[in-house]
Amino acid sequence: MLEADVNADFTVIGAGFAGMSAAMNLLKLKPDARVVLLEANRVAEGPAGRNSGFMIDLPHDLTSTDYSTTQENDLQQITLNRHAIKFAKEIAEEFNISEEAFKISGKVNGARGEKAVKHNIEYAEHLKQLGEPFQMLDAGEMKALTGSNFYRSGLYTPGTAMLQPALYIRSIAEALGNRIGIFERSPVISIDKAQGKWIAKTPSGSVTAPTMILATNGHIESFGHFKRRLVHIMLYASMTRALTSQEDEATGVARWGITPSDPSGTTVRKISGTGGVRIITRNRVTYSPCLQVNDAVTEKMGRTHDQSFQKRYPHLGNVEQEYRWSGRLCLSRNGVSAFGEVEPGLFSACCQNGLGTARGTLSGMAATEQAVLGETDLVKTFLAQEKPKKLPPAPLDSIGATALMKWEEWKAREEL
């Protein structure tokens, strides 16, 4: 906790993927710089530690039926995503982060219904045109991978890095602890500018620096920027208790990750590590402009996870879900980031559009490059984007977003 008034060369607010990547890149670009990182909670307690841990290299547009857009845009996104994965891989190697926390092992788009199977076929054709490797899996191969008869087909691509996100972020924080000032439980309650420097105030102290990077994703609006331009939603997940050895054998190979062929379907992942062997199930979404959700909603969504697990593993009826949680996600209507120098010396690396591991890493890197080096190639790519589009007035935004999400979930009901 920050309990003093300190001076620095750079202040980074937010210790997620964007904030940690910004801090790491600052040390690469300015090895002698005094960097202070402020986190409102404990490191990795927020959205950074609550995602499913897929750092995806290929096109993954959540607003598309098959994740892809135009060939030109997708080729650019692949290049950027792989740049982020390379950066993360170098961090993992430098700090000797375990393979449990970071490993490039690929993922599978799973499909059950006819429409989802067609999505996989169309996506495979798109990947062929892009010159990207893939492997189509039939029902038997999906059963061998997951231990489940649920899936009719799968599309395997090798470039995704799988993370234990909380462990990854915490490992970086531990490694950086003796090189920068990291202050947990230090929420920034205001930012002001005086004599050319930015002052971040917390309940018990402050940090003054000429350059500040806001790596707060949707909370960028809390600091007065991109107001009414960002869509805030909540995603929900559940995790089983540790599986027995027999249950482990009944759920396929040691580790795997399934994203749904239809973006509104269910993400399922098997993990194996310090917490034992477990299955994570993620689906359902709610529009949450207040950036919060109560426990009753999380519990309600968890009942869908119970049903999704039972659909896949009816023979494991005694496996209960031990943990349930929600996590914030920030989108823009036109799929662009909230990026750039919003005021002199104040940089935004926010709005990751559901791709927080990869795009958060990229935006943190880009914000520091803009602050230190100016318009690098990476920075130019971000600056070439449109600004996030304005939202409809309330309550039309809530009505429209909720109706659209429910409609998409209904269409993807076979994949839930």
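Residues numbered from 1 in each chain as written. Predicted model: local features only at pLDDT ≥ 70, side-chain atom pairs only at ≥ 80, totals over all residues. Heavy atoms only, no water.

1. Focus: the overall build of the protein chain
Of the regular secondary structure elements, the protein chain holds 10 helices and 21 strands. The globule rule puts the C-alpha radius of gyration for 416 residues at 22 Å, and the 21 Å found for the protein chain is close to it. On the principal axes, the C-alpha backbone points of the protein chain span a range of 65 × 45 × 40 Å. Residues counted as buried form 55% of the 416 residues belonging to the protein chain. In the protein chain, once contacts between residues fewer than 6 apart in sequence are set aside, the share between residues at least 24 apart is 74%. Counting 47 positive and 46 negative side-chain charges, the protein chain places the averaged centre of each group 3 Å from the other. (Helix = DSSP H or I, 4+ residues; strand = E, 2+ residues; numbered from the N terminus. Rg over C-alpha atoms; globule rule 2.2 N^0.38 Å. Buried < 20%, exposed > 50% of the residue type's maximum accessible area, 1.4 Å probe, protein only. Contact = heavy atoms within 4.5 Å. Lys, Arg positive; Asp, Glu negative; His and termini not counted. Charge placed at Lys NZ, Arg CZ, Asp CG, Glu CD.)

2. Considering the nonpolar core
Core analysis: the largest hydrophobic core is formed by 49 residues, its most contacted members being Met 20, Met 55, Phe 102, Tyr 168, Ile 172 and Leu 176. Filtering out sequence-adjacent residues up to four positions away, Met 55 remains in contact with Phe 17, Ala 84, Ile 85, Ala 88, Phe 102, Thr 160, Ala 161, Leu 163, Thr 357, Ala 358 and Thr 361. Counting residues in hydrophobic clusters, the runner-up holds 23 residues, among them Leu 2, Ala 8, Ile 191 and Leu 230. (Core = buried A, V, L, I, M, F, W, Y, C linked by side-chain atoms within 4.5 Å.)

3. Comments concerning the packing of aromatic side chains
Scanning the entire structure with this criterion turns up six aromatic pairs. Between Phe 150 and Tyr 151, the ring centres sit 5.0 Å apart and the planes meet at 85 degrees, which makes this aromatic pair edge-to-face. For Phe 150, a relative accessible area of 4% translates into the label buried. For Tyr 151, a relative accessible area of 5% puts it in the buried group. Here the guanidinium or amino end of Arg 312 rests over the ring plane of Phe 150, the centre of that ring lying 4.0 Å away. In this structure, Arg 413 is placed above the aromatic ring of Trp 410, and the distance from its NZ or CZ to the ring centre is 3.8 Å. (Phe/Tyr/Trp six-rings, centres within 6.5 Å; stacked < 30°, edge-to-face > 60°. Lys NZ or Arg CZ within 6 Å of the ring centre and 35° of its normal.)

4. Some details on the pattern of salt bridges
For the structure on display, the rule yields 20 salt bridges. The shortest N-O distance in the salt bridge between Glu 93 and Lys 89 comes to 2.6 Å. Of the two residues, Glu 93 and Lys 89 both sit in helix α2 (residues 71-94), four residues apart, roughly one turn of that helix. According to the relative accessible area criterion, Glu 93 is exposed, its value standing at 51%. Residue class for Lys 89 comes out partly exposed when judged on its relative accessible area of 35%. Close ionic contact of Arg 324 with Glu 299 constitutes a salt bridge, the shortest N to O distance being 3.6 Å. (Salt bridge = Lys/Arg side-chain N within 4 Å of Asp/Glu carboxyl O.)

5. Quick word on the sheet that holds strand β7 (residues 135-138)
Spatially, the eight strands line up as an open sheet ordered β7-β8-β6-β16-β17-β18-β15-β19, and their pairing is mixed. At either end of the open sheet lies a strand with only one pairing partner, and these are β7 and β19 (321-331). Taken pair by pair, the neighbouring strands of this sheet meet at an average axis angle of 25 degrees, ignoring direction. Contacting β6 (107-111), β7, β8 (153-157) and β16 (256-260), helix α4 (residues 139-146) runs over the sheet at an angle of about 90 degrees to β7. Contacting β15 (231-240) and β18 (276-287), helix α10 (residues 396-411) crosses the sheet at an angle of about 135 degrees to β18. (Pairing = 2+ DSSP bridges. Axes fitted to C-alpha atoms, helices over the stretch in contact; angles between N-to-C directions.)

6. Focus on α10
With 16 residues, α10 ought to run about 22 Å at 1.5 Å a step, and its terminal C-alpha atoms sit 22 Å apart, in line with that. Taken together, the buried positions of α10 are Asp 397, Ala 401, Met 405 and Glu 409. End-on, the buried residues of α10 take up no more than an arc of 80 degrees, which puts them together on one face. Within α10, the exposed residues directed more than 90 degrees away from the buried face are Leu 396, Ile 399 and Lys 406. (Expected span 1.5 Å × (residues − 1). Arc of directions from axis to C-beta.)

7. Topic: the side chain of Glu 39
Structurally, Glu 39 is set in the loop between β3 (35-38) and β4 (54-55). In this structure the side chain of Glu 39 is engaged in a polar contact, spanning 3.1 Å, whose partner is the backbone nitrogen of Asn 41. (Polar contact = N/O pair within 3.5 Å; in protein donor to acceptor, adjacent residues only side chain to side chain.)

8. Thoughts on the sheet that holds strand β2 (residues 10-13)
Strand order in the open sheet made by the six strands is β10-β3-β2-β14-β21-β20, with mixed pairing throughout. Taken across any chain shown, the strands that pair with only one partner, and hence form the sheet edges, are β10 (181-183) and β20 (338-343). Neighbour-to-neighbour, the strand axes of the sheet open up by a mean angle of 15 degrees, direction not taken into account. Here β3 pairs with β10 via three bridges, running parallel.

9. A look at the packing of helix α1 (residues 17-29) against helix α5 (residues 165-176)
Contact geometry for α1 and α5: axes closest at 11 Å, N-to-C directions at 30 degrees. Read as a crossing pair, α1 and α5 show a hand that is left-handed. Along its contact with α1, which presents Phe 17, Met 20, Ala 23, Met 24 and Leu 27, the element α5 presents Pro 165, Tyr 168, Ile 169, Ile 172, Ala 173 and Leu 176. Classifying every residue of the contact of α1 with α5 gives 11 nonpolar, no polar and no charged. (Left-handed = near helix turned anticlockwise from the far one by under 90°. Nonpolar A, V, L, I, M, F, W, Y, C, P; charged D, E, K, R; others polar.)

10. A closer look at the pairing of strand β11 (residues 190-194)
Strand residues, when the strand is regular, have side chains that alternate between the two faces of the sheet. Alignment of β11 against strand β12 (residues 197-202), held across five bridges, turns out to be antiparallel. Paired with Asp 192 across the strands is Ile 199, a residue of β12. Connecting β11 to the next strand, β12, in antiparallel fashion are two residues, including Gln 195 with a positive phi near 55 degrees.

11. Let's talk about the environment of Asp 397
Mapped onto the secondary structure, Asp 397 falls in helix α10. Residues Asp 397 and Ala 366 lie 31 residues apart in sequence; the distance between their C-alpha atoms is 30 Å. Filtering out sequence-adjacent residues up to four positions away, Asp 397 remains in contact with Arg 228, Tyr 287 and Pro 392. At 3.3 Å, the side chain of Asp 397 and the side chain of Arg 228 are in polar contact.

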